[in-house]
Structure formats: structure tokens, C-alpha cells
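Commentary on secondary and tertiary structure
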Amino acid sequence: MTNKEKKEFSGLLIRRIISYVVLIVLSIACLFSFYILLVNCSRYHADIQKGFSFLPGKAMVKNFQSLMSDANLPVFKGIRNSFIVAACTALLTTYFSSLTAYAIHAYHFKAKKAIFTFILMIMMVPSQVSALGFIQLMRDMNLMNNLIPLIVPSIAAPIVFFYMKQYMESALPIEIVEACRIDGASEFRGFNTIVLPIMKPAIAVQMIFAFTSSWNNYFIPSLLINEKNMKTLPILIAQLRSADYLKFDLGEVYMMIAVSIFPVILVYLILSKNIVQGIAMGSVKG
Amino acid sequence: MFKKKTSCVSYTKWGYIFLIPFFLIYTVFSLVPLLSTFYNSFFENYMSGLSHIGPNFIGLDNFTKIFTNGDLMTYGKNTLILWLIGFVPQILVSLLLAAWFTDLRLKLKFSGFFKTVIYMPNLIMAAAFAMLFFALFSDGGPINDILMDFGIIKEPYRFLTTVVGTRGLIALMNFLMWFGNTTILLMAGMMGIDTALFEAAEVDGAKSFQIFRLITIPLLKPILIYVMITSLIGGVQMFDVPQILTNSSGAPNNTSTTLIMYLNNNLYSKNYGVSGALSVILFIFTAVLSLFVFFRLNKKED
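Every value quoted in this text rests on a predicted model; they were computed, and no experiment measured them.

1. Section: the overall build of chain B
- Counting secondary structure elements, chain B contains 12 helices and two strands.
- In summary, chain B has a C-alpha radius of gyration of 25 Å against a globular reference of 19 Å for 302 residues, an excess of more than 25%.
- Taking the principal axes of its C-alpha atoms as reference, chain B extends roughly 80 × 75 × 30 Å.
- Residues classed as buried in chain B amount to 39% of the 302 residues present.
- Taking contacts inside chain B between residues at least 6 apart in sequence as the whole, the part at least 24 apart equals 70%.

2. Considerations on the overall build of chain A
- For chain A, the count of helices and strands is 14 helices and zero strands.
- Counting from the amino terminus, helix and strand elements in chain A follow one another as α-α-α-α-α-α-α-α-α-α-α-α-α-α.
- Relative to a compact globule of 286 residues, whose C-alpha radius of gyration would be 19 Å, chain A shows 25 Å and is clearly more extended.
- When its C-alpha atoms are laid out on the principal axes, chain A stretches across 80 × 70 × 35 Å.

3. Looking at the interface of chain B and chain A
- Contact with chain B, which involves 78 residues of that partner, is made by 74 residues of chain A.
- Taken together, the residues of the side of chain B that touches chain A sort by class into 56 nonpolar, 18 polar and four charged.

4. Here we look at the confidence of the model for chain B
Residues and elements named next belong to chain B.
- Looking at chain B as a whole, the pLDDT averages 88, with 95% of positions reaching at least 70.
- Per-element confidence in chain B is highest for helix 10 (residues 240–245), whose mean pLDDT is 96, and lowest for strand 2 (residues 51–57), whose mean pLDDT is 81.
- Confidence metrics for the complex model read pTM 0.90 and ipTM 0.90.

5. Remarks on the domain arrangement of chain A
- Entries for chain A in the domain assignment read domain 1 (3–63) and domain 2 (72–243).
- Here the C-alpha centroids of domain 1 of chain A and domain 2 of chain A sit 36 Å apart.

6. Quick word on the pairing of strand 1 (residues 43–48) of chain B
Residue and element names in this part refer to chain B.
- Relative to strand 2, strand 1 runs antiparallel, the two sharing five bridges. Of the residues in strand 2, the one forming a bridge with Tyr-46 is Ile-53.
- With antiparallel pairing between neighbouring strands as the criterion, strand 1 and strand 2 make up a hairpin whose turn holds two residues, including Gly-49 at a positive phi of roughly 65°.

7. Section: the packing of helix 8 (residues 158–171) of chain A against helix 11 (residues 200–216) of chain A
Residues and elements named next belong to chain A.
- Close contact between helix 8 and helix 11 brings their axes to 10 Å; oriented N to C, the two are set at 165°. Considering the angle they form, helix 8 stands roughly antiparallel to helix 11. Between helix 8 and helix 11 lies a crossing whose hand is right-handed. Residues Val-160, Tyr-163, Met-164 and Tyr-167 of helix 8 pack against Ala-202, Gln-206 and Ala-210 of helix 11.
- Split into classes, the residues belonging to the contact of helix 8 with helix 11 amount to six nonpolar, one polar and no charged.

8. Points about unusual backbone geometry
All names here are of chain B.
- In this chain, Ala-251 is followed by Pro-252 through a cis amide linkage whose omega measures -10°.
- Looking at where Pro-252 falls in the secondary structure, it is placed in the loop between helix 10 and helix 11 (259–268).
- One non-glycine residue, Ser-248, lies in the positive phi region at around 60°.
- By secondary structure assignment, the location of Ser-248 is in the loop between helix 10 and helix 11.
- Its identity as a non-glycine residue notwithstanding, Asn-253 has a phi of 55°, on the positive side.
- Tracing the sequence through the fold places Asn-253 in the loop between helix 10 and helix 11.
- What makes Asn-253 exposed here is the crowd of 9 C-beta atoms within 10 Å.

9. Quick word on the environment of Val22(A)
Residues and elements named next belong to chain A.
- Relative to the elements of secondary structure, Val-22 occurs in helix 1 (residues 3–40).
- On the basis of neighbour count, Val-22 is assigned to the partly exposed category, with 14 C-beta atoms found within 10 Å.
- Along the backbone, Val-22 and Lys-77 are 55 residues apart, and their C-alpha atoms lie at a distance of 42 Å.

10. A look at the nonpolar core
- Judged by nonpolar contacts, the single largest core of 147 residues is most densely connected at Ile237(A), Ile257(A), Ala127(B), Ala128(B), Ala130(B), Met131(B) and Phe133(B).
- With 15 residues, the single largest contributor to this core is helix 7 (residues 163–191) of chain B.
- Lining this core are residues from two domains, each supplying at least three of them: domain 1 (3–63) and domain 2 (72–243) of chain A.
- Leaving out residues up to four positions away in the same chain, Phe133(B) has contacts with Ser33(A), Leu169(B), Met173(B) and Leu245(B).

11. With respect to the environment of Met125(B)
- Within the element layout of this structure, Met125(B) appears in the loop between helix 4 (111–119) and helix 5 (126–136).
- For the pair Met125(B) and Ser138(B), spaced 13 residues apart in the sequence, the C-alpha separation amounts to 20 Å.
- Once residues within four sequence positions are removed from consideration, Met125(B) is found in contact with Trp215(A), Asn216(A), Pro234(A), Ser260(A) and Ile261(A).

12. Considerations on the confidence of the model for chain A
- The predicted model of chain A has a mean per-residue pLDDT of 88, with 95% of residues at 70 or higher.
- For chain A, the element scoring lowest by mean pLDDT is helix 9 (residues 174–182) of chain A, at 77; helix 7 (residues 148–151) of chain A scores highest, at 96.

13. Points about the packing of helix 4 of chain B against helix 7 of chain B
Residues and elements named next belong to chain B.
- Where helix 4 contacts helix 7, the two axes come as close as 7 Å, and the packing angle between them is 135°. In terms of orientation, helix 4 and helix 7 fall into the oblique class. Of the residues in helix 7, those touching helix 4 at Lys-115, Ile-118 and Tyr-119 are Phe-179, Gly-180, Asn-181, Thr-183 and Ile-184.

14. Notes on the environment of Met124(A)
- Within the element layout of this structure, Met124(A) appears in the loop between helix 5 (112–122) and helix 6 (131–140).
- With 19 C-beta atoms counted inside 10 Å, the residue Met124(A) sits in the partly exposed group.
- Not counting residues within four places of it along the chain, the set of residues in contact with Met124(A) comprises Ile233(B), Thr286(B) and Ser290(B).

Quick notes on the rules
Residues numbered from 1 in each chain as written. Chains lettered and ligands numbered in written order. Predicted model: local features only at pLDDT ≥ 70, side-chain atom pairs only at ≥ 80, totals over all residues. Helix = DSSP H or I, 4+ residues; strand = E, 2+ residues; numbered from the N terminus. Rg over C-alpha atoms; globule rule 2.2 N^0.38 Å. Buried ≥ 20, exposed ≤ 12 C-beta atoms within 10 Å, placed from the backbone. Contact = placed C-beta atoms within 7 Å. Nonpolar A, V, L, I, M, F, W, Y, C, P; charged D, E, K, R; others polar. pLDDT = per-residue confidence, 0-100. Domains from an automatic or database assignment. Pairing = 2+ DSSP bridges. Axes fitted to C-alpha atoms, helices over the stretch in contact; angles between N-to-C directions. Parallel < 35°, antiparallel > 145°, perpendicular 65-115°, else oblique. Left-handed = near helix turned anticlockwise from the far one by under 90°. Core = buried A, V, L, I, M, F, W, Y, C linked by C-beta atoms within 7 Å.

This is the structure in C-alpha cells:
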């Protein structure tokens, strides 16, 4: 090794060490709060108050049971409501966004370009700015304290549409569409039996995103729902926060947070490879 | 495609038919509410005690009201500050990480693991994350316990009673939730850069920082602008984290009340005139930002 090569090698080594240190610090920052959550949701109230421990306790099952039977906080119903909303949203939004994207991708009609531009333009309008009109309309339609307004609007999801459109451009050549026309399949059946299976990878990624964002959604649900048995998990978390914190069993408080967070983390860890790949695809091409 | 032009015509109607669900649902659940929100902004319509005042047409009075009583400025400023102190470290860290992940000489191991971990907080329920931070950073919570065990502080630091503590926690949560996402977007941008440019620079003896500053950053400019503006649009919508962390009070003394928290308060108190005016302003602001992104991206494609 010449002197210059040695110098370069040690420079690279130092840079490598620095980057590992920074990455490890950031990973710890990301994981630390969830680790404490995991520890504390398994400890007794009295132990949590005594001080912090790095080791889990033995009260996980007990905390879970007492949370589920808490009379003030209908957590079981909350999980059920959140799950119904998130699952239906995931199904509807991926199916209809694929259908919309297919209409733009596979057909030629006059208004096509204008419609595509329109959908792109409305993509970034935040749902909060129409919240006032939305809750007034839901009140007029008698849909307050109902899960329908949390599910049905997801049929028109410009961001999911855009992702599907991008995916079709790379994975759905027009020849395939034409082939099923020659076979005499009706257009709608062709979409269901041939196009949807090809879209499976994109649908899976978007289903996960739609499920989590619906599971986590707080703003609109909190304005529409105030009946105890229709509340979703984020509303119950807010209710827990506004109650007198010190009166609560801390094991239960941590368990409530854990119930809202860990299912998503679990699904994410199982499917993380697809998700991380999928994030960049929906955005602009650099 | 052209040889079957005659048959194409008969398929055209299916294009329109397949668009019906989207436009029907969009019109009913988004467009009509948006227009009726705008309509509301021109009316006096609120609850005074138990009596309902309005709706009476008052033109632009709701707008002048929120501009002159300082509410819009105060909460707009809060939102901007909270966004900035989360975004600046986020973009710097993400640039650094993206550069490392895509550096061919560095050859980082376990990069899949690191990417998985740093992206994870993005999928967490913001409300639950804020509740978790509230519990962790409370006066007798684990963070204070740890800091006292290590002898860093003598008595509990009351994070949520100070402006710096509250804003710092909100920014920290936003940082943790979004830096992984930004890193992955920037990485995609960096991988799109022709590697021949890096190789040529290396042959010419450029150091890695020079390559980063003189090649990566300029070529990354479009995606940096995209990231910044989408983050700003997201920042304007900041709600869950400060709402839950401060129990909707914006404590201390409304220094962490964001624009959407202000909107939320007005919707709860059935103050529809002001809510409408605020929504219109937020709509215009986000629309201008979106159009900017839209035209920049389109220009690039042409």
C-alpha cells in the first residue's frame, strides 16, 4: 500500500465509523420510546410509579384484561370500530383508485388529459379545509355517530390513484388490455380478472398505507363521533389524555397506547421490505 | 394501437363509466363540502351562550376579524415555528443519511435494517405517539427518572410548563416521524443521478464533501423543493401531536396552538363563520404551494 492509499483507506474507515455511530444513535432515538412503552405496559401501576426499569414486568396480561374491562373506556369497541373503518377503507380505496387509474391509463377519450390534470391538482388539498362543510353535510344526511363518513370518502383518493397510475405505466402494457378485448371479455370483467391480479403488489402496498392512515386518523372522526360505542382508538386516546391522568392505572394507560401502536408496528415489520420500496415510487421521479 | 381505431371508439364510454365512482364520491364528500365551507365564510353564524346567532350575510367581516384580532398571526406564527424547528434538522439529517446510504465507496452494512427502523415512526398513530411522549416526559415519568438516576438533573424538569420544552417535544416528535420518510425520498432522488458524474469527479480528485456540495445538491434541487413544499403543506395541517400533547390547550399560554387546532376549537364551539374564513385562507395557502409544485414538476417533464 502506498502512503496515499493508506490515507484514503483510513479516511474511509473514519467516515464509515462516523456513519455507523450516527445511524445507531438515530435508531436508538426511534426505538427508545417504544421500548419504554413495551416495558411499562407490562408493569404494575405501583412499580411504574416507583421508578424506571429497563426490564419488563409480569403484568402484561393483567393490564390488558383490566383495560378491556374498563367501564369508562370502551377499548374493545374502539378496536373493533377502528378495525372496521381501516379495513373497509383499505379495500375501497385500493379497488376504486385502481379502477380510476385504469380509466385514465387504458382508454382514450377527449376529456382524459383535463381529468388527469384535475385529479393531480386536487391531490394536495388538505381534508381539514373542507371539514366544516363536511360535518354540516353529515349532520344533514343524518350520518353523525356513524362509521360510513369515515369509510366511503376514501373511494376518491387522488394520492392512491396517482400511485396506481404510476404503477400501471410500468407494469400494465396496453397489449394485455387489448388481448382480453379480443377474447370477448366485457371491460368490467377484464378489469376484475386480468388487471387487478397484475396490480397486486401495488394494491398490497397501498392497502397497508391506507389501513394505517385510517387507523391513525383523528381530526375528522373526533368531529363526527361523540357516542361512546362508536368511538375509534385515537378518540379514546384523546379522552384518556383529557381525563385526570393521575387517577389512572399507569399500566393501563401504557397498555392503551400499546394497543394503538403495536399492531401497526407488527404488520410493518413483517412487510417492511415492500413498504420501504413502495414509498419512493408514489412520489416524483427524481 | 391505431389499426383498431374504429373499435377504440366503442370502448371510450367505459373510460367515462369507470370514472363515475371517483367523481361521484369526490363531488359529494369533498367538492360540495369545500364550496359550502367557502359559502359559510361570508356569514355571521355562531353560538353566543345558548342562543344561536345568524346566519346573516356579512361579506368579508369574518376575514377582517381574524386578521385584525391577531389570532391568525399568532397561530400562524406558532405553526411556522413548530414546523421550522422540526424541518430544519430533519432535512439536514435526511440529506446526510441519504448520501451515506447511496455512497458506493462507503458500502454500509445493515442498511435495510436501518431504513426499516428510521421509517417506522412514520406509521405510528400520531395521537398515541403524543400520548406516549406525554407519559414519558411527565413530571414523574421515565425520562425524568432516568435523568435523575444519572445525576443529570436534581429535580424533575417540567417539560410541558415551558415554551421551549413543549415546542421542543413537538418538534422532536415531528422530526422522528418524518426524517425516515424524507431520507427515502432523497435517496430515490440521489440514485437517479448518473453515477458517471460521481466517478468523473472522483477521478478529478474531488473529496466526498465537494462531490456532495457541487454535484449531489444542485442535481437534487427539484426533489428538495418537492420535499420542502410537501412538508410545509403537511406542517400547515399539524394537529394531532400538539392537540394531544397539550390536551387541546396549546399550553403554555397558547404558544403551541396551531392553525388547525384553532380551526378545531372554532368548529367545536360552532363558530362557523370564523371556521369558514380560516378554511378559505388555509385552502388558498395550500393551493398556491401545490400549484407551485405542480408547475415545477410539469416543466421538468417537458
